[in-house]
Amino acid sequence: MIRRPPRSTLFPYTTLFRSLEATLSKLEAELKEVNSNSEALKKNHMELTELKYILSKTQHFFDEREQGIVDEHISIVGQDSLANQQSPVQLGFIAGVVKRDRFDAFERMLWRVCRNNVFLRYEEIEHTLIDPLTGYEVKKCVFILFFQGDQLKTKIRKICEGFHATLYPCPDNAAERNEMSSGVSTRISDLNTVLAKSDDHRARLLKSAASMLKSWLTKVRKMKAIFHVLNQFNFDQKCMVAEIWCPASDLDKIRTVLQHASVKSNSVPILAVLETNETRPTFIRTNKFTRGFQNLVDSYGVANYREINPGPFAVISFPFLFAVMFGDAGHGLIMSLFGLWMVLYEKKLSANRTNNEMWNIMFAGRYIILLMGIFSIYTGLIYNDVFSKSINVFGSHWGSNYTDDDLLNNKMIQMDPGKYKVNALRPTGGNYYMTPYPFGIDPVWQLSKNKLTFLNSYKMKLSVILGVLQMLFGVVLSAFNHMYFRRYINIFFEFIPQVIFLVMLFGYLCVLIFWKWFKYDADSSSGAPSLLITLIDMFMQKSYKNLYDPQIQNILQKVFVIVAVLCIPWMLFIKPFVLRSKNNRKVRRMNDRQAAIEEGDINRPNGRAGAAKSNSSHDEHEEKFEFGEVFIHQAIHTIDYCLGCISNTASYLRLWALSLAHSQLSDVLWTMVMRNALNVVAGNVGGITLFVIFAPWAFLTVAILLVMEGLSAFLHALRLHWVEFQNKFYTGSGYLFAPFSFKVILEQLEGVE
């Protein structure tokens with residue numbers, strides 16, 4: 001609430017607005033005056049130009065008349081008139097210009113009206129003229145009409161007026177025509193000088209206005225925004241009242257600003273915090289690093305007020321899941337360099353505004369691109385994949401004890417995963433050092449034919465582990481939402497059974513994956529059971545092959561399945577009946593209170609009756625409890641979660657699928673393009689071939705593997721966050737806090753323009 005200031009200081013921008021209005025009015029008046037003067041000068045210039053052409057073109061018309069005047073006299077007045085007259089007839093004439101497209105109709109009209117009693121001569125002006133009113137180019141003709149008698153003269157003038165022909169005075173004497181032509185040329189030269197100065201003056205005015213236009217627009221938009229906000233205030237005789245949303249942490253700053261404003265505006269602002277039941281807007285503070293990740297989350301839905309925000313978790317999880325699918329250190333290096341370039345030159349790039357939507361999207365996500373590239377380098381080193389090739393940093397932990405004859409005579413040689421021994425005869429010696437490669441995949445797999453089988457098994461299991469961990473983390477986050485909003489019933493009848501259901505089935509699957517990795521080595525891997533068959537047998541209560549003690553495995557799997565199945569009615573039935581029981585108790589209390597009020601048993605001076613009435617009226621505004629709706633909603637939620645655990649786990653296999661697709665495309669591109677250049681004989685020919693082949697290989701690498709595959713991995717990572725992760729705890733039905741900001745208003749208006 002702000003106490004209304006004196007009228008003189010009510011609107012601090014009024015003086016500025018009036019000053020700007022006066023400046024614009026003055027500029028408008030000057031421009032109108034310059035334009036009107038320029039238009040008049042151009043019109044005068046065109047008239048003088050036409051007169052100049054008339055004087056120059058009609059000279060030989062007069063020469064012809066002087067030489068053949070008898071013939072003209074005969075053709076105009078006829079034989080009878082010539083016989084009756086003893087002296088030559090003096091002819092009158094009219095000279096002017098008419099538009100070329102109207103000349104044919106003009107000539108026909110003269111012939112019909114004057115009955116062939118006029119002599120018409122014309123000539124087209126070679127140069128096009130500029131119409132001073134429209135600014136378009138027009139073509140015109142110079143004409144001269146010889147006639148006899150005032151009656152024909154009157155008719156000719158009316159016809160010229162009807163066809164908008166311009167008539168000009170033309171002396172009959174040659175000396176006078178030469179003198180007039182000289183004067184017209186002088187006046188045209190003077191007009192050209194005046195017109196040039198007029199154009200310069202108008203250009204200076206427009207340049208001055210153009211230099212101030214952005215500043216004027218900014219001022220007008222700011223004032224418009226201020227008055228728009230002021231129009232939302234409630235006015236009375238003493239003060240203006242407004243209800244606003246503001247961050248609780250900024251209350252002290254707002255009070256300080258209001259105190260400074262009160263000194264300048266001679267007003268007394270009062271800031272009071274109000275309690276309300278309205279839904280509060282969501283305000284999330286971001287910086288240039290986290291803004292891109294927060295935009296990804298807000299695209300799904302804005303968080304409810306005080307709901308856990310998945311944005312900070314997406315800073316790490318989103319580029320990591322992208323990198324699991326992208327997984328190439330070479331491609332990741334190119335992507336990270338591109339993102340680093342945008343980050344280092346962000347001030348210069350942001351200053352150069354453009355309407356290219358694709359570029360604006362990439363620049364807004366420059367930190368996302370940078371992190372995706374860095375994480376892709378990491379996962380590429382884990383996969384030991386650099387442009388589809390492996391790098392041997394630590395030396396392979398597989399050795400060869402084959403003879404030279406074995407290597408030369410056999411195209412394919414099988415490596416024995418047994419312990420490596422230096423023995424030429426190889427009675428028991430293997431090829432494996434029995435120690436793992438220090439970091440990532442051993443480079444020897446790049447040469448093996450079963451590389452795809454090995455990596456598929458590894459990446460598929462890794463995808464399941466990452467998916468179950470992220471889903472479990474999402475379910476755990478839902479518990480924090482329940483505790484903050486004091487929905488404790490959801491903790492006991494949703495969160496706990498959800499965790500148990502997920503852990504008993506898919507958490508157990510992850511344990512089996514690690515157990516299989518640790519238990520089976522190269523010698524015993526041929527007898528390892530399939531995890532998929534084991535999971536199916538777990539539900540079917542069968543036992544095909546056991547990963548550990550058969551009796552313990554059978555008992556544990558039966559217990560896990562039974563407990564998981566019991567979690568379904570736990571989530572489905574208990575919560576609706578508990579809510580109905582609470583609602584019934586509440587209704588009974590309200591009825592008892594209402595009955596007591598009606599009987600007057602609690603109508604005492606301590607105000608309990610009044611409190612009861614207020615509570616009763618408050619409860620009337622609460623949403624009415626409908627058991628059927630609650631039960632249906634709970635059933636949908638239960639079915640969605642139980643089936644979602646299965647489908648979402650399978651959905652995380654896209655991490656393996658896209659990683660496989662990316663590595664295979666990269667390998668095909670290298671084999672089909674780059675290898676052809678490397679297989680050429682060394683020398684000048686080989687160098688030239690490599691130089692020529694490298695360009696299409698680099699282009700296809702950027703266009704297909706970085707842009708297309710990168711966009712595909714980006715969209716799949718986004719889907720995993722939106723559907724598989726966020727739906728475990730995130731409602732996303734809130735609305736953003738939109739504070740009054742000149743910067744935002746100006747950016748939005750510039751975007752519209």
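Please read these numbers as outputs of a predicted model, since none were measured by experiment.

Topic: the overall build of the chain
A count of helices and strands for the chain gives 24 helices and nine strands. Across the 753 residues that make up the chain, the buried fraction comes to 36%. A sequence separation of at least 24 residues applies to 76% of the contacts in the chain between residues at least 6 apart. Looking at the chain as shown, the accessible area adds up to about 46100 Å², and 60% of this sits on carbon and sulfur atoms.

Describing the packing of aromatic side chains
In this structure the tally under the stated criterion is 36 aromatic pairs. On the numbers, 4.2 Å between centres and 45° between planes, the contact of Phe-103 with Tyr-122 is tilted. Taken together, the residues Phe-103 in helix H4 (residues 103-114) and Tyr-122 in strand E3 (residues 119-124) connect sequence positions 19 residues apart. Ring centres of Tyr-300 and Trp-722 lie 5.9 Å apart, and the angle between their planes is 40°; this geometry places the pair in the tilted category. Taken together, the residues Tyr-300 in helix H8 (residues 291-300) and Trp-722 in helix H23 (residues 684-725) connect sequence positions 422 residues apart. On the basis of relative accessible area, Tyr-300 is assigned to the partly exposed category, the value being 34%. The ring of Phe-742 is capped by Lys-222, whose NZ or CZ atom sits 5.2 Å from the centre of that ring.

With respect to a nonpolar patch on the surface
A cluster of nonpolar residues, Leu-333, Leu-337, Phe-338, Leu-340, Trp-341, Leu-344, Tyr-345, Met-358 and Met-362, forms a patch on the protein surface that exposes about 880 Å² of accessible area. Top element by residues in the nonpolar patch is helix H10 (residues 329-344). It accounts for six residues. Tracing the backbone through its elements, the reader meets Met-358 in helix H12 (residues 357-364). For Met-358, a relative accessible area of 55% puts it in the exposed group.

Focus on a positive patch on the surface
Where like charges cluster on the molecular surface, the positive patch consists of Lys-582, Arg-585, Arg-588 and Arg-589. Along the chain, the position of Arg-585 falls in helix H19 (residues 574-599). Exposure remark for Arg-585: the relative accessible area of 38% places this residue in the partly exposed category.

Topic: the nonpolar core
Ranked by internal contacts, the top residues of the largest apolar core, which has 72 residues, are Phe-318, Phe-322, Met-372, Phe-501, Met-538, Tyr-641 and Leu-655. The biggest single contributor to this core is helix H16 (residues 488-519), with 13 residues. Contact partners of Phe-318, with chain neighbours within four places excluded, come to Leu-296, Ile-368, Met-372, Phe-714, Ala-717, Leu-718 and His-721. With 23 residues, the next largest nonpolar core counts Met-46, Leu-48, Leu-129 and Ile-144 among its residues.

With respect to the sheet that holds strand E6 (residues 140-147)
The sheet built from four strands is open, its strands ordered E3-E6-E2-E7 with antiparallel pairing. In this open sheet, the two edge strands, each paired with only one partner strand, are E3 and strand E7 (166-168). Direction aside, neighbouring strands of the sheet carry axes that sit 25° apart on average. Summarising the sheet, strand E2 (residues 92-99) and E6 pair through eight bridges and their orientation is antiparallel. Within the sheet, the bridge partner assigned to Gly-96 lies in E6 and is Phe-143. On top of the sheet, helix H5 (residues 150-162) reaches E2, E6 and E7; it is set at about 165° to E6, its chief contact.

Overview of the packing of helix H9 (residues 311-326) against helix H22 (residues 654-678)
Direction vectors running N to C along H9 and H22 enclose 45°, while the axes themselves pass 6 Å from each other. Accordingly, the angle class assigned to the pair H9 and H22 is oblique. Residue-level contacts link Leu-321, Val-324, Met-325 and Phe-326 of H9 to Arg-654, Leu-655, Leu-658, Ser-659 and His-662 of H22. Counted by class, the contact of H9 with H22 contains six nonpolar, two polar and one charged residues.

A few points about the side chain of Asn-456
Among the structural elements, Asn-456 can be located in helix H15 (residues 451-484). Among residues more than four places away in sequence, those in contact with Asn-456 are Trp-656 and Leu-660.

Some points on the pattern of salt bridges
Here the structure, examined in full by the defined rule, presents eleven salt bridges. As a salt-bridge pair, Glu-346 and Lys-288 come within 2.6 Å of each other at their nearest N and O atoms. Of the two residues, Glu-346 is situated in helix H11 (residues 346-351) and Lys-288 in the loop between helix H7 (251-265) and H8; the sequence distance between them amounts to 58 residues. Lys-288 gets classed as partly exposed once you look at its relative accessible area, which sits at 44%. Members of the salt-bridge network, linked through shared partners, are Arg-100, Asp-104 and Glu-124.

Some remarks on H4
An ideal rise of 1.5 Å per residue puts 16 Å on twelve residues; H4 measures up with 16 Å between its terminal C-alpha atoms. Looking at H4, one finds that the buried residues are Phe-103, Phe-106, Leu-110 and Cys-114. Along the axis of H4, the buried positions cluster into a sector of 55°, meaning they face one direction only. Exposed side of H4, more than 90 degrees from the buried face: Trp-111 and Arg-112 are the residues found there. At the exit of H4 stands Arg-115, carrying a positive phi of roughly 55°.

Looking at the packing of H16 against helix H17 (residues 531-540)
The contact between H16 and H17 brings their axes to 11 Å, and the two run at 145°. In the crossing of H16 with H17, the sense of the turn from one axis to the other is right-handed. In contact with Met-504, Leu-505, Tyr-508, Leu-509, Leu-512, Ile-513 and Lys-516 of H16, H17 contributes Leu-531, Thr-534, Leu-535, Met-538 and Phe-539. When grouped by side-chain class, the residues that make up the contact of H16 with H17 number ten nonpolar, one polar and one charged.

Re the side chain of Gln-553
Locating Gln-553 in the fold gives a position in helix H18 (residues 550-572). There is a polar contact of 3.5 Å between the side chain of Gln-553 and the backbone nitrogen of Tyr-548. Filtering out sequence-adjacent residues up to four positions away, Gln-553 remains in contact with Tyr-508, Thr-534, Lys-545, Asn-546, Leu-547 and Tyr-548.

Some thoughts on H7
If you check H7, its first and last C-alpha atoms are 20 Å apart, about what 15 residues at 1.5 Å a residue would give, namely 21 Å. Where H7 ends, the next residue or the one after it, Asn-266, has phi of about 55°, a positive value.

Notes on unusual backbone geometry
The phi dihedral of Phe-387 falls on the positive side, at around 55°, and the residue is not glycine. Considering the arrangement of structural elements, one finds Phe-387 in the loop between helix H13 (366-383) and helix H14 (404-409). With a relative accessible area of 24%, Phe-387 lands in the partly exposed category.

Re the environment of Ile-574
Relative to the elements of secondary structure, Ile-574 occurs in helix H19. Using a relative accessible area of 33% as the deciding quantity, one classes Ile-574 as partly exposed. Between the C-alpha atom of Ile-574 and that of Ile-489, which follows or precedes it by 85 residues, the distance is 9.8 Å.

Some remarks on the pairing of E2
For E2, a buried count of six out of eight residues is recorded, marking the element as mostly surrounded by other parts of the structure. Here E2 runs beside E7; their pairing, made up of three bridges, is antiparallel. For Gly-96, the partnering residue across the bridge sits in E7 and is Leu-167.

Comments concerning the environment of Leu-532
Here Leu-532 lies in helix H17. Classification of Leu-532 as exposed rests on a relative accessible area of 57%.

A look at the environment of Ser-336
If you trace the backbone, Ser-336 turns up in helix H10. Relative accessible area serves as the criterion here: at 8%, Ser-336 is assigned to the buried category. A C-alpha to C-alpha distance of 4.1 Å links Ser-336 and Gly-373, two positions 37 residues apart in sequence. Sequence-distant contacts of Ser-336, that is, excluding residues within four places in its chain, are made with Leu-370, Gly-373, Ile-374 and Ile-377. Side-chain polar atoms of Ser-336 contact the backbone oxygen of Leu-333, separated by 2.8 Å.

Reading the values: the criteria
- Residues numbered from 1 in each chain as written.
- Predicted model: local features only at pLDDT ≥ 70, side-chain atom pairs only at ≥ 80, totals over all residues.
- Heavy atoms only, no water.
- Helix = DSSP H or I, 4+ residues; strand = E, 2+ residues; numbered from the N terminus.
- Buried < 20%, exposed > 50% of the residue type's maximum accessible area, 1.4 Å probe, protein only.
- Contact = heavy atoms within 4.5 Å.
- Areas by Shrake-Rupley, 256 points an atom, 1.4 Å probe, with all protein chains shown as cover.
- Phe/Tyr/Trp six-rings, centres within 6.5 Å; stacked < 30°, edge-to-face > 60°.
- Lys NZ or Arg CZ within 6 Å of the ring centre and 35° of its normal.
- Patch = residues over 30% accessible without salt bridge, like charges linked within 9 Å, V, L, I, M, F, W, Y side chains within 5 Å.
- Salt bridge = Lys/Arg side-chain N within 4 Å of Asp/Glu carboxyl O.
- Lys, Arg positive; Asp, Glu negative; His and termini not counted.
- Charge placed at Lys NZ, Arg CZ, Asp CG, Glu CD.
- Core = buried A, V, L, I, M, F, W, Y, C linked by side-chain atoms within 4.5 Å.
- Pairing = 2+ DSSP bridges.
- Axes fitted to C-alpha atoms, helices over the stretch in contact; angles between N-to-C directions.
- Parallel < 35°, antiparallel > 145°, perpendicular 65-115°, else oblique.
- Nonpolar A, V, L, I, M, F, W, Y, C, P; charged D, E, K, R; others polar.
- Expected span 1.5 Å × (residues − 1).
- Arc of directions from axis to C-beta.
- Left-handed = near helix turned anticlockwise from the far one by under 90°.
- Polar contact = N/O pair within 3.5 Å; in protein donor to acceptor, adjacent residues only side chain to side chain.

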